[in-house]
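# Remarks on the overall topology
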Amino acid sequence: MNVGLPKASLRGAALRGANLRGADLRDADLRDADLRGANLQVANLTFASLEGIDLRNADLRDGHLNSCDLRQADLSDADLRNARLTKATLGHARLSGADLREAVLCDAMLRGADLQGADLRNADLHHTDLHGADLRGARLRTVLHTANLEEADLSGTDLRRQLLRNGHFHGCNLRRADLRGAILAGADLRDADLTGAQLWKTDFEEADLSGAVFDDIDTGPWQHTGRGLLYLSGARWSAATQWPPDLESLMMARSLCVGDGMWVVLRTRVHRLTVSPLKR
């Protein structure tokens, strides 16, 4: 069905289970509408007003939602595979259980969004794109393996125990983020700001930390117990990397200069260096 309803006024409409595949809904007003379980595959919702809309279990595969307003929308368990959400506004939207594989969220605003259990597996630079996305306060109990989060705002975001291996965090704002137990092995964290972040048992092995800021970080009780709880074996860092005073001397002592103001953290015999106080 190719319905042409550009600029239509459908605010509060009851369209549960409707077949709107391929519909032209550009600039349409669908605020507070009920589209639970609706078929919106390939639909064009560019610049549409979708604030408060109910899209639970809706099929939005290959949909065009660029620059649309989805504030406080309920997209729980929706199928958004390969959907285009560039510059979309998703503040406090519910995306729990949503399938966002290969979705494009370039420059989207996701402040306070609930992404618990959302599927972003195998996202990379050519698939799910979160470049410039605003994820402040978002709950991300999901997998962001190799996701592109360059220059994203993740300040205060809960990323505990997240698998972020090989992720792209160049220039990312991770101030006060909770990264306890997160796996960032091999991640690109160049110029990332981790000021005030919680990093207890965070894994940065083989990560690129050039120019990253680690001021006022919380690394757990290693300072008092002597246990190494911040994993940095093989990580790269530069003269521009900012360490807190209690770690700076340790990093210098445990790293090998590889030239041009670059260092690599040495490994131990068990191939995992844990930063902990030097024995006296």
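Residues numbered from 1 in each chain as written. Predicted model: local features only at pLDDT ≥ 70, side-chain atom pairs only at ≥ 80, totals over all residues. Heavy atoms only, no water.

## Details of the pairing of strand β4 (residues 262-265)
Bridge analysis of strand β2 (residues 236-238) against β4 gives three bridges, and the strand direction is antiparallel. Considered in β4, the bridge of serine 238 is made with methionine 262. Once strand β3 (residues 255-259) ends, the chain turns through two residues before running back antiparallel as β4, passing aspartate 260 with a positive phi of about 55°. (Pairing = 2+ DSSP bridges. Helix = DSSP H or I, 4+ residues; strand = E, 2+ residues; numbered from the N terminus.)

## Details of unusual backbone geometry
In the Ramachandran plot, aspartate 62 falls in the positive-phi region, its phi being about 60° despite a non-glycine side chain. Counting through the fold element by element, aspartate 62 comes out in the segment before α1 (222-225). Classification of aspartate 62 as partly exposed rests on a relative accessible area of 34%. (Buried < 20%, exposed > 50% of the residue type's maximum accessible area, 1.4 Å probe, protein only.)

## Quick look at the pattern of salt bridges
Taken as a whole and judged by the stated rule, the model has 21 salt bridges. We note a salt bridge from aspartate 74 to arginine 94, for which the minimum N-O separation is 3.4 Å. One end of the pair, aspartate 74, is in the segment before α1; the other, arginine 94, is in the segment before α1, with 20 residues separating them in the sequence. Accessibility expressed as a relative area gives 11% for aspartate 74, which makes it buried. Two residues, aspartate 188 and arginine 190, come together in a salt bridge whose shortest N-O distance is 2.7 Å. The buried category is assigned to aspartate 188, whose relative accessible area is 15%. In this structure, a network of salt bridges that share partners links the residues Asp59, Arg61, Asp79, Arg81, Asp99, Arg101 and Asp119. (Salt bridge = Lys/Arg side-chain N within 4 Å of Asp/Glu carboxyl O.)

## Remarks on empty space enclosed by the protein
Scanning all chains against the criterion turns up one cavity of 30 Å³ or more. When its volume is computed, the largest cavity comes out at roughly 30 Å³. What lines the largest cavity is Leu70, Leu75, Leu80, Leu85, Leu90, Leu95, Leu100 and Leu105. Taken together, the residues of the lining of the largest cavity sort by class into eight nonpolar, no polar and no charged. (1 Å grid on protein atoms, 1.4 Å probe; cavity = no way out; pocket = protein on both sides within 12 Å on 5 of 7 lines; lining within 4 Å. Points joined across faces, edges and corners; volume = space filled by probe spheres on them. Nonpolar A, V, L, I, M, F, W, Y, C, P; charged D, E, K, R; others polar.)

## A look at the confidence of the model for the chain
Mean pLDDT over the chain: 85, with 83% of residues reaching 70 or higher. Looking over the chain, one finds the lowest element-wise mean pLDDT in α1, namely 49, and the highest in β2, namely 96. Residue range residues 122-128 is modelled with pLDDT below 50. Its contacts to residues more than four positions away, or to other chains, number 22 contacts. Predicted confidence is poor over residues 276-280, with pLDDT under 50, and the contacts of this stretch with residues over four places away or in other chains come to 13 contacts. (pLDDT = per-residue confidence, 0-100. Contact = heavy atoms within 4.5 Å.)

## Regarding the side chain of threonine 46
Structurally, threonine 46 is set in the segment before α1. Only 2.7 Å separates the side chain of threonine 46 from the side chain of asparagine 44, close enough to count as a polar contact. In contact with threonine 46, not counting residues within four places along its chain, are Arg26, Asp27, His64 and Asn66. (Polar contact = N/O pair within 3.5 Å; in protein donor to acceptor, adjacent residues only side chain to side chain.)

## So, a nonpolar patch on the surface
A cluster of nonpolar residues, Leu256, Val258 and Leu266, forms a patch on the protein surface that exposes about 260 Å² of accessible area. Among the secondary structure elements, leucine 266 is positioned in the loop between β4 and β5 (274-275). Since its relative accessible area comes to 41%, leucine 266 is described here as partly exposed. (Patch = residues over 30% accessible without salt bridge, like charges linked within 9 Å, V, L, I, M, F, W, Y side chains within 5 Å. Areas by Shrake-Rupley, 256 points an atom, 1.4 Å probe, with all protein chains shown as cover.)

## Things to note about the packing of aromatic side chains
Summed over all chains, the structure comprises four aromatic pairs. Consider the rings of phenylalanine 204 and phenylalanine 214, whose centres lie 5.9 Å apart with planes at 85°: the pair is edge-to-face. Taken together, the positions of phenylalanine 204 in the segment before α1 and phenylalanine 214 in the segment before α1 put the pair 10 residues apart, joining distant regions of the chain. Given the relative accessible area of 0%, phenylalanine 214 is considered buried. Taken together, a centroid distance of 4.6 Å and an interplanar angle of 15° make the contact between phenylalanine 214 and tryptophan 243 stacked. Of this pair, phenylalanine 214 sits in the segment before α1 while tryptophan 243 sits in the loop between β2 and α2 (245-254); the two residues are 29 residues apart in sequence, bridging distant segments of the chain. Here the two residues phenylalanine 214 and tryptophan 243 agree in accessibility, since each one is buried. An aromatic cluster of three or more residues is present, and its members are Phe204, Phe214, Trp237, Trp243 and Trp263. (Phe/Tyr/Trp six-rings, centres within 6.5 Å; stacked < 30°, edge-to-face > 60°.)

## Regarding the pairing of β3
Bridging between β3 and β4 involves four bridges; their strand directions are antiparallel. Residue cysteine 257 lies in a different strand from β4, and its bridge partner there is tryptophan 263.

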